[in-house]
Amino acid sequence: MFKARLSIFYTLLTFVCIFSVGLFYTHLRLQADRKEQLLLVEEVASAQASSLERRLTQALSSTYILAQEVRRSNGEFHDFNKFAREVMDSLGGVSALQLAPDGTTEQVYPLHGNEQGIGHNLLFSDQRSKEAWQAVNSKKLTLAGPFPLVQGGVGLVGRNPVFLDQNGREEFWGFVTALIHLDDLLAVTELETLAQKHYTYTLSRQHPDTGSTDIFARTDAPLTPLQITRTIQVPNGEWTLTMSRPVSFVQPMITGAGFSLLLAAIMSLLLHRILREPERLRSLVKQQTNRLEHLAFHDELTGLANRRFLTEKLDQALFHNHRKGECLALMYLDLDDFKRINDSTGHEDGDRLLVMVGHRLQEAVREADIIGRLGGDEFAVILLNIENADNARQVAEKIISTLSQPVNLGQHEATISASIGITMAPDDGSSSSELLRNADLAMYNAKRAGKNQLSFYNSVMQEQALQAMVLEDELRRALQRREFVLMFQPIVSLTSGKNIKFEALIRWQHPERGLLAPGSFIDIAEQTGLIVPVGYWVIEAACEFIQQQYQHGVPVRPVAVNLSVCQLREPDLACKIERIMAHLKVPPYLLELEITESMLMENVELAMTLINQLQQLGIRISIDDFGTGYSSLSQLRQLPFNSLKIDRLFIKDLETSLVDQQMVEAITAMVHKLDLMVVAEGIETEWQMAFLAAAGCDHGQGFLFARPLPAADALQYRGHNIRSKGDQKATV
């Protein structure tokens, strides 16, 4: 009787606990759903804010084009209507363009509907003269509005001040002005479509005169509590886009409570039955315990020892060897290019391959030796009671040979290889953690040496690892302290000698070791992932150099920047670069990104997606170091490149190698068929330049023209005098 009551008590207790847990889980799930909805609204708001900011930047760039033409003509702007029409047709989004010498509007295109603007003084007779004076004082583009237009509707006016060089002094000439209708600006977004899907939004700014919040665009329906705010950067201010979406959580709560009630009832009945069958339950618990114990010490896929069990066995073996005076070897094994096989044939085939590797390892070593899978495609082997390192080498060579045999995966046949690191005990260490670390270092040394080979641990590897750690810390500090500098190597036309563009090359101004070339730190930066923030710094610094060209009044030439493979893996690469250019007000066509063949071939599909995104922004794309990778012309034809660089390996022996000459001529001819520009790297002699020009290469780069120059010298560089064959110096 007591046991029956106790069974009922436990059943009721279980019901209450499970029902409570179910309600709590429902609450957590609703919270997660709310967060998911917030993320969705956040993604939508970010996309719309980016569209608005990108469209506004594109429309306002018309003022920079007009300003450049005013400066070029020294204030004597001829055929304004034709030029303005071409700019508006090219950029879109602009309702009218104006010229206002000394602040007074003299020319408007189109004139129809804008006649009242003629003779209007922007500095004195305009209600928004505050923004006009701000533009003159800051020498930067300012944006007025949104405000009601005389001709109807709501619009914005971008005023870009123009200064002319008068006897070495900058004199204010007047304004170039762009009128943008708010409806045209909003039309590029999906806000209207989203409103039909029950999204709500407000678009507001802080009024420049009153300081209050000015909502100038909104949906009829009000915002809901589930809302996201995004900031849109505009000249001399910012806008705020707030978006929301109504969501009801009542029905999910009712459904969750009902499911919790049902689950609690089922589990309670099951528990009641279990309590009545204690013997069966004890047997089941024992079976499960044995299974869990096995899983706790063995890899579920291969059945080999897992990291925990292998470490315990290694500690036991080290203790035994210490007492007996014996030696052992620990081998750390990693499959080469396993990710490529796994991605190309599928994870199921990858799992079958790992199981096969486990079987082959067992065949290659003695029964007493211990094999474990440490995770992924990494394995370890403990060779017990061996005489010397030669015995370990023989076993490792046998493993490498055994694994190199083709593996039949059903519909596929795979050929694999392995890199093995070996450490000896007690010579290299006396603890499992020390030996595992040493074997890992030796394995990475085998990887760097070319893979499919073995490497024994030595103290130099530890020193190199420590040096790499120190260098990593110094790189992090260098980023914080802005110790990096850019040098700019000119790229010139092989027909005219004119400087066409620059390639940005990074240097590290180390506080102790002086100016360091990238070869001394780029590898560590790529291994640690620091190359990503360093790469964005390079892009930002290159854009700042483009700004300096504008500021110094020299012909503005594009700047090419090398992308790293780590950056190419970033899905938001294009967005980040777009934000940098928008922040520094650099036109996209002045930035060129160089991608090496090896980067392209690592993941062609991902590269195509990102390259298309970058080209849609207006950024030019170039293939760097062509000829050193494995790309084909069919792949190049599919990708929207603008130019291609022939690697310097084909140029350095050009004068003596007929094969290199024929390769350069063939590459140039084929690439021109794809409508790409051809750039030759590493030109050091006039003969090389003359041959490349005759072969049809468009541009050249190398020490013949100039070494990498500091920014100040690069601003003065104009080109190379190709008329004088004896003169190998660049003309500045």
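The following paragraphs examine the structure supplied in this document. (Residues numbered from 1 in each chain as written. Predicted model: local features only at pLDDT ≥ 70, side-chain atom pairs only at ≥ 80, totals over all residues. Heavy atoms only, no water.)

**So, the overall build of the protein**
Let me state the cut-off plainly: To qualify as a helix, a DSSP run of H or I must reach at least 4 residues; to qualify as a strand, a run of E must reach at least 2; elements of each kind are numbered from the N terminus. Each radius of gyration reported is based on C-alpha atoms, and the globular scaling rule is 2.2 Å times the count of residues to the power 0.38. Think of it in three bands: with a 1.4 Å probe and only protein chains considered, a residue is buried below 20% of the maximum accessible area for its type, exposed above 50%, and partly exposed in between. Contact definition: two residues touch when any of their heavy atoms are within 4.5 Å. For accessible areas, the Shrake-Rupley method is used with a probe of radius 1.4 Å. Any residue's cover is judged against the shown protein chains and nothing else. All tallies of charge rest on Lys and Arg as positive and Asp and Glu as negative; His and the ends of each chain are not included. Lysine's charge is taken at NZ, arginine's at CZ, aspartate's at CG and glutamate's at CD.
Tallying secondary structure elements over the protein gives 23 helices and 27 strands in all. Taking 732 residues into account, the globule formula puts the C-alpha radius of gyration at 27 Å, and the protein, at 35 Å, lies well above it. Among the 732 residues that make up the protein, the fraction classed as buried is 45%. For the protein, contacts bridging at least 24 residues in sequence account for 63% of all contacts bridging at least 6. Only carbon and sulfur atoms are counted for the fraction: they give 53% of the accessible area of the protein, which is about 38,200 Å². Here the protein carries 69 positive and 87 negative side-chain charges, and the mean point of each set is 5 Å from the other.

**Topic: the pattern of salt bridges**
Selection rule: The term salt bridge refers to a side-chain nitrogen of Lys or Arg lying within 4 Å of a carboxyl oxygen of Asp or Glu.
Counted according to the given criterion, the structure contains 20 salt bridges. Close ionic contact of Glu 594 with Lys 645 constitutes a salt bridge, the shortest N to O distance being 2.8 Å. Residue Glu 594 is found in strand E21 (residues 591-596), and its partner Lys 645 is found in strand E23 (residues 643-646); the two are separated by 51 residues along the sequence. Across the pair, Lys 645 and Glu 594 agree in class, each one buried.

**A short note on helix H2 (residues 80-91)**
Since one α-helical turn is 3.6 residues long, residues separated by three or four positions face the same way. This is how the line gets drawn: Helix span, as expected, comes to 1.5 Å for every residue beyond the first. Arc definition: directions from the helix axis to the C-beta atoms.
In a regular helix each residue adds 1.5 Å, so 12 residues correspond to 16 Å; H2 covers 16 Å between its end C-alpha atoms and thus fits that length. The complete set of buried residues in H2 reads Phe 80, Ala 84, Val 87, Met 88 and Leu 91. Burial along H2 is one-sided: seen end-on, the buried residues are contained in an arc of 95 degrees. Pointing more than 90 degrees away from the buried face of H2 are the exposed residues Asp 89 and Ser 90. Where H2 terminates, the next one or two residues include Gly 92, which has phi positive at roughly 75 degrees.

**Some points on the sheet that holds strand E6 (residues 200-206)**
Stated formally: At least two bridges found by DSSP between two strands is the condition for calling them paired. Convention adopted: a line fitted to C-alpha atoms gives each axis, helices being fitted over their contacting stretch, and angles between N-to-C directions are expressed from 0 to 180 degrees.
Here we have 4 strands laid out as an open sheet, ordered E7-E6-E9-E8, and antiparallel in their pairing. At either end of the open sheet lies a strand with only one pairing partner, and these are strand E7 (213-218) and strand E8 (227-234). Along the sheet, successive strands turn relative to each other by an average axial angle of 25 degrees, direction set aside. Bridging between E6 and strand E9 (residues 237-244) involves 6 bridges; their strand directions are antiparallel.

**As for helix H21 (residues 658-673)**
An ideal rise of 1.5 Å per residue puts 22 Å on 16 residues; H21 measures up with 23 Å between its terminal C-alpha atoms. Here H21 has its buried residues at Asp 660, Gln 661, Val 664, Ile 667, Thr 668 and Val 671. Projected down its long axis, H21 shows its buried positions confined to an angular sector of 135 degrees, all on one face. Along H21, the residues that are exposed and aim more than 90 degrees away from the buried face are Leu 658, Val 659 and Lys 673. The secondary structure elements touched by the buried residues of H21 are strand E22 (620-626), E23, strand E24 (677-680) and helix H22 (686-695).

**What to know about the sheet that holds strand E5 (residues 169-181)**
The strands making up a sheet are joined through hydrogen bonds of the backbone, oriented either antiparallel or parallel. Pairing is antiparallel across the open sheet formed by 5 strands, whose spatial order is E2-E1-E5-E4-E3. Pairing within the sheet leaves two strands with one partner each, and these edge strands are strand E2 (107-109) and strand E3 (142-148). On average, each strand axis in the sheet is tilted by 20 degrees relative to the strand beside it, whichever way the strands run. Here strand E4 (residues 154-166) runs beside E5; their pairing, made up of 12 bridges, is antiparallel. By the bridge assignment, Gln 166 is partnered in E5 with Arg 169. Against the sheet, helix H3 (residues 129-138) makes contact with E3, E4 and E5, and its axis sits at roughly 30 degrees relative to E4, the strand it touches most.

**Considering the pairing of strand E10 (residues 327-335)**
Counting buried residues in E10 gives 8 out of 9 residues, a clear majority hidden from the surface. Two strands pair when backbone bridges link them, and E10 and strand E12 (residues 378-386) are joined in this way by 7 bridges, in the antiparallel orientation. The partner of Ala 329 across the bridge, within E12, is Leu 383. Judged from the 8 bridges that link them, E10 and strand E15 (residues 418-425) form a sheet pairing that is antiparallel.

**Section: the environment of Met 443**
With respect to the secondary-structure elements, Met 443 resides in helix H12 (residues 432-448). Spatially, the C-alpha atoms of Met 443 and Met 331 are 8.5 Å apart, while their sequence positions differ by 112 residues. In this structure, Met 443 is in contact with Tyr 332, Asp 334, Ser 419, Ile 420 and Gly 421, ignoring residues within four places of it in sequence.

**What to know about the packing of helix H15 (residues 531-552) against helix H17 (residues 573-584)**
The line we're drawing: Any angle that is under 35 degrees is reported as roughly parallel, and any over 145 degrees as roughly antiparallel; angles of 65 to 115 degrees are reported as roughly perpendicular and all others as oblique. Handedness of a crossing is defined here by the sense of rotation of the near helix relative to the far one, left-handed for an anticlockwise turn of less than a right angle and right-handed for a clockwise turn. All amino acids are sorted into three groups, where Ala, Val, Leu, Ile, Met, Phe, Trp, Tyr, Cys and Pro are nonpolar, Asp, Glu, Lys and Arg are charged, and the leftover types, Gly among them, are polar.
Two elements in contact, H15 and H17, have axes separated by 10 Å at closest approach and are oriented at 30 degrees. When the axes of H15 and H17 are compared, the pair comes out roughly parallel. Where H15 crosses over H17, the two elements pack in a sense that is right-handed. Residue-level inspection shows Tyr 536, Ile 539, Glu 540, Cys 543, Glu 544 and Gln 547 of H15 in contact with H17, the latter providing Leu 573, Lys 576, Ile 577, Ile 580, Met 581 and Leu 584. Taken together, the residues of the contact of H15 with H17 sort by class into 8 nonpolar, 1 polar and 3 charged.

By themselves, these figures tell us nothing about what the structure is for.
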